[in-house]
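# Coordinates in review
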Amino acid sequence: MNRDNLISQVKDEYARIASSESQQHFHQTTTEITPEAYYEDLLSKAISEINRGTFDNFKSGEEIVTAIANDKSWLTDWK
């Protein structure tokens, strides 16, 4: 799969997750950041990694999002 397709799928996946995220639940588990801002940050970092080739062996955007959710070390500059 090419990187542009992966980026598109990852964007769709994070948009879906962010829109379904409960604001109340999110504030209970993180700082004062909105779900949209959190997932936008994850998305930009995921896109950077896709462009670097980190996820070239992945078959779908959903697979990438799941991998990042389970292990943030996929993201080079995750704090």
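Keep in mind that what you see is a predicted model, and the values were worked out from it rather than measured.

## Structural notes on helix H1 (residues 3-20)
Given a rise of 1.5 Å per residue, 18 residues ought to cover 26 Å, and the 26 Å separating the end C-alpha atoms of H1 matches this to within 8%. Three or more residues of H1 are buried, namely Leu-6, Ile-7, Val-10, Glu-13, Tyr-14, Ile-17 and Ala-18. For H1, the angular spread of the buried residues around the axis is 130 degrees, confining them to a single face. Facing away from the buried side of H1, by more than 90 degrees, are the exposed residues Asp-4, Asp-12, Ser-19 and Ser-20. The secondary structure elements touched by the buried residues of H1 are helix H3 (35-52) and helix H4 (61-70). N-capping of H1 is provided by Asn-2, with a side-chain oxygen placed 3.0 Å from the backbone N of Asp-4.

## As for the confidence of the model for the protein
Of all residues in the protein, 85% attain a pLDDT of 70 or more, and the chain-wide mean is 86. Taking the mean pLDDT of every element in the protein, the minimum, 53, falls on helix H2 (residues 23-29) and the maximum, 95, on H4.

## Observations concerning the side chain of Lys-45
One can find Lys-45 in helix H3. Lys-45 gets classed as buried once you look at its relative accessible area, which sits at 9%. Leaving out residues up to four positions away in the same chain, Lys-45 has contacts with Leu-75, Asp-77 and Trp-78.

## Brief notes about the nonpolar core
Val-10, Tyr-14, Tyr-39, Leu-42, Ile-50, Ile-64 and Ile-68 are the most contacted members of the largest nonpolar core, which has 20 residues in total. Of all the elements in the fold, those that place two or more residues in this core are H1, H3 and H4. When residues in this core are grouped by element, the largest group, seven residues, is from H3. When residues no more than four places from it in sequence are discounted, the contact partners of Leu-42 are Tyr-14, Ile-68, Lys-72, Leu-75 and Trp-78.

## Side note on the side chain of Glu-49
Considering the arrangement of structural elements, one finds Glu-49 in helix H3. Residue classification places Glu-49 among the buried positions, given a relative accessible area of 2%. Among the polar contacts listed, one links the side chain of Glu-49 to the side chain of Thr-76, at a separation of 2.5 Å. Setting aside chain neighbours within four positions, we find Glu-49 in contact with Thr-54, Phe-55, Trp-74, Leu-75 and Thr-76.

Cut-off values and rules
- Residue indices follow the written sequence of each chain, beginning from 1 at its first position.
- Only residues with pLDDT of at least 70 get local features here, since the model is predicted, and only at 80 or more are side-chain atom pairs given and counted; chain-wide, interface and lining totals rely on the full set of residues.
- Calculated side-chain values reflect all of the structure's heavy atoms, with hydrogen atoms and water omitted.
- Helix numbering and strand numbering both begin at the N terminus, where a helix is a DSSP run of H or I of at least 4 residues and a strand a DSSP run of E of at least 2.
- To estimate the expected span of a helix, subtract one from its residue number and multiply by 1.5 Å.
- Relative accessible area decides the class of each residue, using a 1.4 Å probe on protein chains only: under 20% of the type maximum gives buried, over 50% gives exposed, and in between gives partly exposed.
- Within this analysis, the arc is defined by the directions that extend from the helix axis to the C-beta atoms.
- Whether two residues are in contact is decided by their heavy atoms, any of which lying within 4.5 Å being enough.
- Under this definition, polar contacts are N or O atom pairs within 3.5 Å; protein pairs additionally need one hydrogen-donor-capable and one acceptor-capable atom, and for neighbouring residues in sequence, both atoms have to be side-chain atoms.
- Per-residue confidence from the predictor is reported as pLDDT, which spans 0 to 100.
- In these notes, a set of buried Ala, Val, Leu, Ile, Met, Phe, Trp, Tyr and Cys residues joined through side-chain atoms within 4.5 Å is what counts as a nonpolar core.

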